[in-house]
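Understanding the architecture of this molecule
For reference, the chains in residue letters:
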Amino acid sequence: MIHVSYGIDTFLTNALEKWSGKRIALVTNQTGITSSYQSTIDALNKEKSIQLVKLFACEHGIRGDVQAGVHIGDHKDEKTSLPVHSLYSTSKKVSTTLLEDVDAVFFDIQDVGVRFYTYLATVKNLMEACLQTNTSLVVMDRPNPIAPFTDGNILEDDFISFVGPYRLPICTGLTVGEYAQLIKVECFPEVDLHISLMKNWNRSIWGDQWNNVWIPPSPNIPHATTTLYYPISCFIEGTNLSEGRGTTKPFEWIGAPWFKVDEVIRHFTKKELAGIKIIPTYFTPTMSKHHGEFCSGIQLVITDRTEIHIAKTAYELLQTIFAVHKEADWLPPFKKGMPPFIDYLWGTDKVRKGIDDGKSYCELTIDWSKGIEEWKSRIQTILLYS
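Described in the following lines is the structure provided in the data block. Here the structure is a predicted model, which means the values were calculated and not measured. (Residues numbered from 1 in each chain as written. Predicted model: local features only at pLDDT ≥ 70, side-chain atom pairs only at ≥ 80, totals over all residues. Heavy atoms only, no water.)

A few words on the side chain of K124. Looking at the element boundaries, K124 is found in helix α3 (residues 119-133). Although K124 is buried, it forms no salt bridge, and the closest oppositely charged side chain is E128 at an N-O distance of 5.7 Å. Among all residues touching K124, those that are not within four sequence positions of it are P165, Y166, Y179, I183, C187 and F188. (Helix = DSSP H or I, 4+ residues; strand = E, 2+ residues; numbered from the N terminus. Buried < 20%, exposed > 50% of the residue type's maximum accessible area, 1.4 Å probe, protein only. Lys, Arg positive; Asp, Glu negative; His and termini not counted. Salt bridge = Lys/Arg side-chain N within 4 Å of Asp/Glu carboxyl O. Contact = heavy atoms within 4.5 Å.)

Take the pairing of strand β5 (residues 104-108) next. The element β5 is largely enclosed, with a buried count of five among its five residues. Burial along β5 is two-sided: A104, F106 and D108 and V105 and F107, pointing in opposite directions, are all buried. Of the strand pairs in this sheet, strand β1 (residues 23-28) and β5 are connected by five bridges, and their pairing is parallel. Counted as the bridge partner of A25 is V105 from β5. Handedness of the β-α-β unit built from β5, α3 and strand β6 (residues 136-140) comes out right-handed. (Pairing = 2+ DSSP bridges. Right-handed = clockwise from strand over helix to strand, strands pointing away.)

Moving on to the packing of helix α6 (residues 261-269) against helix α7 (residues 310-324). For the pair α6 and α7, interaxial distance at closest approach is 9 Å and the crossing angle is 135°. Classified by the angle between their axes, α6 and α7 sit oblique to one another. Like other packed secondary-structure pairs, α6 and α7 cross with a definite hand, here right-handed. In this structure, α6 contributes E263, V264, H267 and F268 to the contact, and α7 contributes T313, E316, L317, Q319, T320, A323 and V324. A breakdown of the residues in the contact of α6 with α7 according to their chemical character gives five nonpolar, four polar and two charged. (Axes fitted to C-alpha atoms, helices over the stretch in contact; angles between N-to-C directions. Parallel < 35°, antiparallel > 145°, perpendicular 65-115°, else oblique. Left-handed = near helix turned anticlockwise from the far one by under 90°. Nonpolar A, V, L, I, M, F, W, Y, C, P; charged D, E, K, R; others polar.)

A word on helix α10 (residues 369-378). Along α10, the residues that are buried comprise G371, I372 and W375. The buried residues of α10 occupy an angular sector of 100° when projected down its axis, which confines them to one face. Seen from the open side of α10, the exposed residues pointing more than 90 degrees away from its buried face are K370 and S377. Buried positions along α10 lie against α4 (176-186). (Arc of directions from axis to C-beta.)

Taken as a whole and assessed by the stated rule, the structure comprises 19 aromatic pairs. Each ring, one from W210 and one from W214, has its centre 6.4 Å from the other, and the planes form 45°; the classification is tilted. Between Y361 and W368, the aromatic rings sit 6.0 Å apart at their centres with planes inclined by 70°, giving edge-to-face as the arrangement. A network of ring pairs unites the aromatic residues F116, Y117, Y119, Y230, F235, F251, Y315, W346, Y361 and W368 as a single cluster. (Phe/Tyr/Trp six-rings, centres within 6.5 Å; stacked < 30°, edge-to-face > 60°.)

Now for the environment of D151. Inspection of the secondary structure assignment puts D151 in the loop between β6 and α4. A relative accessible area of 13% places D151 in the buried class. For the pair D151 and L168, spaced 17 residues apart in the sequence, the C-alpha separation amounts to 9.8 Å.

Where the residue is not glycine, phi is negative for most of them; where a peptide bond is considered, it is trans in most cases. A positive phi is found at Y37, a non-glycine position, where the angle reads about 75°. Assignment of secondary structure puts Y37 in the loop between β1 and α2 (40-45). Not every positive phi belongs to a glycine, and N200 is a case in point at roughly 70°. With respect to the helices and strands, the residue N200 is situated in the loop between β7 (193-196) and α5 (226-233). Residue class for N200 comes out exposed when judged on its relative accessible area of 51%.

Positionally, T150 belongs in the loop between β6 and α4. Exposure remark for T150: the relative accessible area of 23% places this residue in the partly exposed category. Distance in space between the C-alpha atoms of T150 and G173 is 5.0 Å, their sequence separation being 23 residues. Sequence-distant contacts of T150, that is, excluding residues within four places in its chain, are made with C171, T172, G173, I372, W375 and K376.

With that settled, the discussion passes to the pattern of salt bridges. Scanning all chains against the criterion turns up 18 salt bridges. Note that E237 and R245 form a salt bridge whose closest N and O atoms lie 2.2 Å from each other. Here R245 falls in the buried class, since its relative accessible area comes to 11%. The salt bridge involving K289 is made with E243; its shortest N-O contact spans 3.0 Å. Of this pair, K289 sits in the loop between β9 (276-283) and β10 (295-302) while E243 is found in the loop between α5 and β8 (253-256), placing the two residues 46 residues apart along the sequence. E243 shares its class with K289; the two are buried. Among the ionic contacts, a cluster of salt bridges with common partners joins E237, E243, R245 and K289.

Our focus in this paragraph is the sheet that holds β6. The seven strands are arranged β3-β4-β2-β1-β5-β6-β7 in an open sheet whose pairing can be described as mixed. Either end of the sheet is taken by a strand with one partner, and the two such strands are β3 (75-76) and β7. Two elements, strand β2 (residues 51-57) and strand β4 (residues 83-86), share three bridges in a ladder whose sense is parallel. In the strand pairing of β4, L55 is matched with V84.

Pairing is antiparallel in the open sheet, where three strands are placed in the order β8-β10-β9. Each edge of the open sheet is held by one strand with a lone partner, namely β8 and β9. For this sheet, the mean angle separating the axes of adjacent strands, direction not counted, is 25°. Sheet topology note: the β8/β10 ladder contains four bridges and is antiparallel. By the bridge assignment, G255 is partnered in β10 with G297. Sheet contacts for α5: β8, β9 and β10; angle to β10, the most-contacted strand, approximately 120°.

Take a look at the structure:
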């Protein structure tokens, strides 16, 4: 097991003096801690050389106590009495007025290495606002728990949204600091970006292989191993099935009251997908879809994470579910005239149309491997770790 020094650790040791006398806004949540388990808020607030003047909250709130999709209002942090401004309200854009009284914005949040995890959209929006106001942005880097995964289709421009902020694959293979560096290079080259690097981390390490406590970055990512399942089963969010929210196994359990367990297992097993199996499970969600209803379902079991093909597995799982159940359906668009939510999650409408037409992954005849190779070439100059 490897003990990682986070970006906030190296910042406090090596870079604090550079920001002496500066007014700081901090974007963080419960995952913003030092490797000795001190809150980033507390660590910065006690430093006399800088002035921490406000906090910014993303999805799930400053303390991680808000469920997915719930808008957050401005409030005051009870512990520090610092004002907390929401970056996850009706408008997801970062108002430039929030930056008028600060010299720099510090960002310290654990990401999960997946395109549709909304902290990436927040980073991009922050960078745009910082550029407009000539405000510095400092990213305290943290490990990507699924860094060895670089997989999936590249998002198409027509499907850019808060769950797909840029032309990224499903699994980026980047840390949040590297992602910010990519956005600087390709979108906002004049932004004053600083990355506080980690020590003792490299991109071959999985999230359960570093000897640091795992703080859930959102209520339904309770364990480092949950991040292995999330890029596969998060697409269930775009359907009328439960993705396990409100259970002890979010994103590992999938089901519905009408779910045909045995048929799904037979259908899926015939596909002979590498690195994964499914087994029966039964649960009653305490929240979200099918709240309070007894659901039959399946549990995803990753048997070899080095062999699994994320995008293919996710597609074939959806194809199986829709082939077996006439009750399975896509959630409707949020607004009239918009594509269904599933299209924004995938970053394309080709998956939904292919499944509606009953096509297997091989029959889809879309070669996403070329996009991944181009992606790997795109990011070569911005990688910060071996």
